[in-house]
Amino acid sequence: MSDSWQFTATLPEYFEAKPLRQFLIQDWLLPKHLVFSLKRGQRILVNQRYLPVNFSVSAGDNIQLTFFA
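None of these values were measured; they are calculated from a predicted model.

A. The overall build of the protein chain, seen in detail. Of regular secondary structure, the protein chain possesses 2 helices and 6 strands. The linear arrangement of helices and strands in the protein chain, starting from the amino end, is β-β-α-α-β-β-β-β. In summary, the protein chain has a C-alpha radius of gyration of 12 Å against a globular reference of 11 Å for 69 residues, a match within 12%. Counting only C-alpha atoms and orienting by the principal axes, one finds that the protein chain spans roughly 40 × 20 × 20 Å. Among the 69 residues that make up the protein chain, the fraction classed as buried is 33%. The contacts in the protein chain between residues at least 6 apart in sequence include a share of 62% that link residues at least 24 apart. As presented, the protein chain carries roughly 4,700 Å² of accessible surface, and 52% of it is formed by carbon and sulfur atoms. A gap of 14 Å separates the mean positions of the 7 positive and 5 negative side-chain charges of the protein chain.

B. Main features of the pattern of salt bridges. Considering all chains together, one arrives at 1 salt bridge under this definition. We note a salt bridge from lysine 18 to aspartate 27, for which the minimum N-O separation is 3.1 Å. Note on lysine 18: relative accessible area 18%, which makes it buried.

About the thresholds
Residues numbered from 1 in each chain as written. Predicted model: local features only at pLDDT ≥ 70, side-chain atom pairs only at ≥ 80, totals over all residues. Heavy atoms only, no water. Helix = DSSP H or I, 4+ residues; strand = E, 2+ residues; numbered from the N terminus. Rg over C-alpha atoms; globule rule 2.2 N^0.38 Å. Buried < 20%, exposed > 50% of the residue type's maximum accessible area, 1.4 Å probe, protein only. Contact = heavy atoms within 4.5 Å. Areas by Shrake-Rupley, 256 points an atom, 1.4 Å probe, with all protein chains shown as cover. Lys, Arg positive; Asp, Glu negative; His and termini not counted. Charge placed at Lys NZ, Arg CZ, Asp CG, Glu CD. Salt bridge = Lys/Arg side-chain N within 4 Å of Asp/Glu carboxyl O.

Encoded structure:
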């Protein structure tokens, strides 16, 4: 059995919309290989549902990432 943990954040009101991939890499400074792994495992949820990383996120969106140890 593997351990997992989640990180959840809501984008602030002043956030300007941009593609999810760009947000994760440029704003949250996640390495590209980690973004790829999260995407491949569908472990990125936007507003409680899977959203492909080329779709845009905007102010008020809730982003949840699931990581495995």
